Amino acid sequence: MATRLQPVDAVTIGVGLTGALAAFEMVQSGLKVVGLERGAERETVPDFQSPAIHDELRYSIRKAFMQDNVKVAVTFRNNSNETALPIRRWESFLPGQGLGGSFVHWNGQSFRAQVADFVLRSRTIQRYGQKFLDACGPELTIQDWGVTYDDLEPYYDRFEYLCGVSGKAGNIKGQIQPGGNPFEAPRSREYPNPPLKETYFGAIFRKGAEGLGYHPYPQPSSNLSRPYTNPLGLKLEQCVFCGFCERYACEHYAKASPQTIVLPLLLKNPNYELRTSCEVLRINLDSTGKKATGVTYVDGAGREFEQPAEIVFITAFPLNNVRTLLLSGIGKPYDPRTGEGVVGRNYSYQTVGGPTVFMDESININPFMSSGAPGTMIDDFSGDNFDHANMNPPFIGGQYVGSIMTGARPIEFHPTPPGTPPWGLEWKRAVARHYNHTILIQQHGTSMSSRLNYLDLDPTYKDAWGQPLLRMTFDFPENDIRMSQYIADKVVEIGRAMGGKTIIRGGTKRPYTTTVYQSTHNAGGAVMGEDPKTSAVNRYLQCWDVPNVFSLGGSAFPQNITYNYSITIGALTLWALDVIKNKYLKSPGPLVQA
Ligand SMILES: Cc1cc2nc3c(=O)[nH]c(=O)nc-3n(C[C@H](O)[C@H](O)[C@H](O)COP(=O)(O)OP(=O)(O)OC[C@H]3O[C@@H](n4cnc5c(N)ncnc54)[C@H](O)[C@@H]3O)c2cc1C
Ligand code: SF4
């Protein structure tokens, strides 16, 4: 029997990026907020300090910061005819656990999406025609977001300044800026900090790409290029290129994370209470099913509590957001046979994986000296930046391309050219020969939503509390393979122009596997939109069916964008919170009429 607690104004399910932002904005408005986090409390000091934080076996291989999948796993299959099995070792994607969520162990690659991304369906039809879109794949279920780039621009700006993003603007109010990305959407002002220093591998990439007529620019990064005080008065430090960034927390206060950009103020606020080691099981609804009354959770001692709240924010990472909605009976679950239902619909992923470029022994890369987002990139093949009209076979979407090597740590990085034995003396000799003379190029891009890919509750496997696990049914649509393979050829040309002696070609292939790291940009499943028949939340991330529940994060993306998505998640979250503060709190109810 659950113990009923004193009611509060709002509760967040999870205290990662979106949970920290939501709670902060709400306490600023005078609300009493409880943050329920399934993982532990942790701070830069003492938890993220070296030498312990540079333990590659513990953090990169054994995934110490990730969701405990002994307790709560995700089951996976490639298509509806297969039986899904639980993923017991995270590899393909790495959802986090603990105060700060995945935004603690992220890289800091800090892009905005482009104007076209938010109107993908209408823009594709307008530019290429319905017939072309059908030829890309009749199974594609891409749609517009219901929010535009212009709507989000002020919130992108706010979030970038909170994080202290280091970069060079390419387009300020329509004026192209030398040194930046000429393809970027117009921004209202410069980045808060200048870009990180270019690495040697970045300089080699720049030369090769420029020689082919492309437009290199420094990757925007939330690894800070200089000491910085954010608008909340929190001080961040300069990145030292320690080489242990993604999958690790920053010991130097040099990477934007909830711990560095907002939590110190939130945790001090008397209106906020953080409760860690608390697993939220479900959102409770009243007898009408149209209003949430709060949440039920289990604490670290196994005690069950009911926490009444006027507003519930689901801020649990996209996959967990969708599972929470399904477990709580909020919104109609997606049925792939009929195409009806919205929760679980339009789950999408990302296409990643570029070539390995083996250089001459005279080129010393020193790849161990790096940060989480130190890249030099081009956007010539991103999104809709190039004309797709004559692509044969046809496809939509694109990828950014860049050299982004993030530390070359000893257990994870041993590049060897084709023909090298996979173990033994010859393998060791090859690793010694190539470790310091090899450049990785990334292709990183869109993945389209499809009626065949979705999330639902697994009929067999349960979590530690007896609740069904989330089941993922996913394979890359043929459209994505065509796109990625087209770009793979272009990137091999760049590798040659860089002086590569041997190049292992990249590009996405089918079937999708969960055994190789690709991206933790799982998207969709509770998508936003203007039509409740094809979206679970409205343009303010408010559940259509239960208006006092807001589902924040990448679960709202109708399909996935070219870029690493957290800056867009931050902007989208601040956009929704602004309306919640200024409109919803004054008059609770649906913010958009269905
Ligand atoms: C290795 C890695 C590198 C990345 N690099 C980049 C990058 O360079 N650029 C970029 O844009 N993005 C990157 N990301 C993605 C980024 O981390 C996420 O987009 C971001 O953290 C998502 O924010 P969120 O609030 O949705 O989830 P999170 O920040 O993960 O927070 C969710 C929180 O909810 C908690 N939770 C979940 N379920 C429950 C429950 N039932 N009860 C209680 N608590 C719960 C979790 O424990 C977690 O703490 C990276 C991710 C990883 C793993
Ligand atoms: S690379 Fe820079 S930002 Fe990343 S953990 Fe190291 S010091 Fe921090």
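Rules used in this analysis
- Residues numbered from 1 in each chain as written.
- Chains lettered and ligands numbered in written order.
- Predicted model: local features only at pLDDT ≥ 70, side-chain atom pairs only at ≥ 80, totals over all residues.
- Heavy atoms only, no water.
- Helix = DSSP H or I, 4+ residues; strand = E, 2+ residues; numbered from the N terminus.
- Rg over C-alpha atoms; globule rule 2.2 N^0.38 Å.
- Buried < 20%, exposed > 50% of the residue type's maximum accessible area, 1.4 Å probe, protein only.
- Areas by Shrake-Rupley, 256 points an atom, 1.4 Å probe, with all protein chains shown as cover.
- Lys, Arg positive; Asp, Glu negative; His and termini not counted.
- Charge placed at Lys NZ, Arg CZ, Asp CG, Glu CD.
- Near = heavy atom within 4 Å.
- Nonpolar A, V, L, I, M, F, W, Y, C, P; charged D, E, K, R; others polar.
- 1 Å grid on protein atoms, 1.4 Å probe; cavity = no way out; pocket = protein on both sides within 12 Å on 5 of 7 lines; lining within 4 Å.
- Points joined across faces, edges and corners; volume = space filled by probe spheres on them.
- Contact = heavy atoms within 4.5 Å.
- Polar contact = N/O pair within 3.5 Å; in protein donor to acceptor, adjacent residues only side chain to side chain.
- Salt bridge = Lys/Arg side-chain N within 4 Å of Asp/Glu carboxyl O.
- Core = buried A, V, L, I, M, F, W, Y, C linked by side-chain atoms within 4.5 Å.
- Pairing = 2+ DSSP bridges.
- Axes fitted to C-alpha atoms, helices over the stretch in contact; angles between N-to-C directions.
- Parallel < 35°, antiparallel > 145°, perpendicular 65-115°, else oblique.
- Left-handed = near helix turned anticlockwise from the far one by under 90°.

### Observations regarding the overall build of the chain
Helix and strand content of the chain: 13 helices and 24 strands. Expected size for 594 residues packed as a compact globule is a radius of gyration near 25 Å; at 23 Å, the chain falls within 12% of this value. Here the C-alpha coordinates of the chain stretch approximately 70 × 60 × 50 Å along the principal axes. Within the span of the chain, comprising 594 residues, buried residues form 62% of the whole. Total accessible area on the chain is roughly 22100 Å²; 52% of this is exposed by carbon and sulfur atoms. Within the chain, the 56 negative side-chain charges are centred at a point lying 1 Å from the centre of the 57 positive side-chain charges.

### Remarks on the site of ligand 2
In the neighbourhood of ligand 2, the contacting residues comprise Asn 223, Cys 239, Val 240, Cys 242, Phe 244, Cys 245, Cys 250, His 252, Ala 254, Lys 255, Ser 370 and Ser 371. When grouped by side-chain class, the residues that make up the shell around ligand 2 number seven nonpolar, four polar and one charged.

### Notes on the layout of surface pockets
As a volume, the second largest pocket reaches approximately 420 Å³. If you go around the second largest pocket, you meet 23 residues; those closest to its centre are Arg 38, Gly 39, Ala 40, Gln 97 and Ser 277. Looking at side-chain class alone, the lining of the second largest pocket contains 10 nonpolar, five polar and eight charged residues.

### Regarding the environment of Ile 363
Among the secondary structure elements, Ile 363 is positioned in the loop between strand 16 (356-358) and strand 17 (376-378). Along the sequence, Ile 363 and Tyr 200 sit 163 residues apart, while their C-alpha atoms lie 9.4 Å from each other. For Ile 363, the residues in contact, after removing those within four places along its chain, are Tyr 200, Ile 204, Asn 436 and His 437.

### Brief notes about the site of ligand 1
In the region of ligand 1, 36 residues are neighbours, and Thr 18, Glu 37, Ser 102, Gln 109 and Ser 566 sit closest. Contacts to ligand 1 include Asn 107, whose backbone N or O atom sits 3.0 Å from a nitrogen atom. One of the side-chain nitrogen or oxygen atoms of His 521 is found 3.4 Å away from a nitrogen atom of ligand 1. In isolation ligand 1 exposes 1000 Å². Once the protein is present, 99% of that is buried. Where the shell around ligand 1 is concerned, the elements lending two or more residues are helix 1 (17-28), strand 12 (279-285), helix 10 (318-328) and helix 13 (566-584).

### Overview of the pattern of salt bridges
Taken as a whole, this structure holds 31 salt bridges when the rule is applied. We note a salt bridge from Glu 279 to Arg 38, for which the minimum N-O separation is 2.9 Å. On the criterion of sequence distance, the pair formed by Glu 279 in strand 12 and Arg 38 in the loop between strand 3 (33-36) and helix 2 (44-47) is long-range, its members being 241 residues apart. Classification of Glu 279 by relative accessible area gives buried; the value is 7%. Taking the shortest distance from any N to any O, the salt bridge between Arg 471 and Asp 456 comes out at 2.8 Å. Here Arg 471, found in strand 22 (residues 468-473), pairs with Asp 456, found in strand 21 (residues 454-462); they are 15 residues apart in sequence, far enough to count as distant. What emerges from the salt-bridge pattern is a single network uniting Arg 112, Glu 153, Glu 160, Glu 184 and Arg 187.

### Some points on the nonpolar core
The biggest cluster of nonpolar side chains holds 124 residues, and the ones touching the most others in it are Phe 159, Ile 283, Phe 313, Met 472, Val 549 and Leu 572. With residues up to four places along the chain from it excluded, the contact list for Phe 159 reads Leu 17, Leu 21, Phe 103, Ile 261, Ser 566, Ile 567, Gly 570, Ala 571 and Leu 574.

### Some details on the sheet that holds strand 8 (residues 217-218)
Strand order in this open sheet of five strands is 8-17-18-20-15, and the pairing throughout is antiparallel. Each edge of the open sheet carries a strand with a single partner, namely strand 8 and strand 15 (351-352). In this structure, strand 18 (residues 399-403) lies alongside strand 20 (residues 442-445), joined through four bridges in antiparallel fashion. By the bridge assignment, Val 401 is partnered in strand 20 with Gln 443.

### Some words on the side chain of Ser 370
Looking at where Ser 370 falls in the secondary structure, it is placed in the loop between strand 16 and strand 17. Ser 370 sits in the buried class, given a relative accessible area of 0%. The residues touching Ser 370, leaving out its near neighbours within four places in the chain, are Phe 201, Phe 241, Cys 242, Gly 243, Met 405, Thr 406 and Gly 407.

### Description of the sheet that holds strand 22
The sheet built from four strands is open, its strands ordered 5-4-22-21 with mixed pairing. Where the open sheet ends on each side, the last strands, each with one partner, are strand 5 (85-86) and strand 21. Sheet topology places strand 21 next to strand 22; five bridges connect them, and they run antiparallel. Paired with Leu 457 across the bridge in strand 22 is Leu 470. In the packing of helix 10 onto the sheet, contacts are made with strand 21 and strand 22, and the angle to strand 22 comes to roughly 125°.

### Observations concerning the packing of helix 6 (residues 149-163) against helix 13
Two elements in contact, helix 6 and helix 13, have axes separated by 8 Å at closest approach and are oriented at 115°. As summarised for this structure, helix 6 and helix 13 are arranged roughly perpendicular, according to the angle between their axes. For the pair helix 6 and helix 13, the crossing hand works out as right-handed. Here Asp 151, Leu 152, Tyr 155, Tyr 156, Arg 158, Phe 159 and Glu 160 of helix 6 lie close against helix 13, whose contacting residues are Ser 566, Ile 567, Thr 568, Gly 570, Ala 571, Leu 572, Leu 574, Trp 575 and Asp 578. Residue composition of the contact of helix 6 with helix 13, by class: nine nonpolar, three polar and four charged.

### Things to note about the packing of helix 1 against helix 13
Interhelical geometry of helix 1 versus helix 13 gives an angle of 25° and a closest axis separation of 10 Å. Viewed along their axes, helix 1 and helix 13 adopt a mutual orientation that is roughly parallel. Along this stretch, helix 1 crosses helix 13, giving a crossing that reads as right-handed. Two secondary-structure elements touch here, helix 1 through Leu 17, Thr 18, Leu 21, Ala 22, Glu 25 and Met 26 and helix 13 through Ser 566, Ile 569, Gly 570, Thr 573, Leu 574, Leu 577, Ile 580 and Lys 581. Tallied by class, the residues present in the contact of helix 1 with helix 13 amount to eight nonpolar, four polar and two charged.

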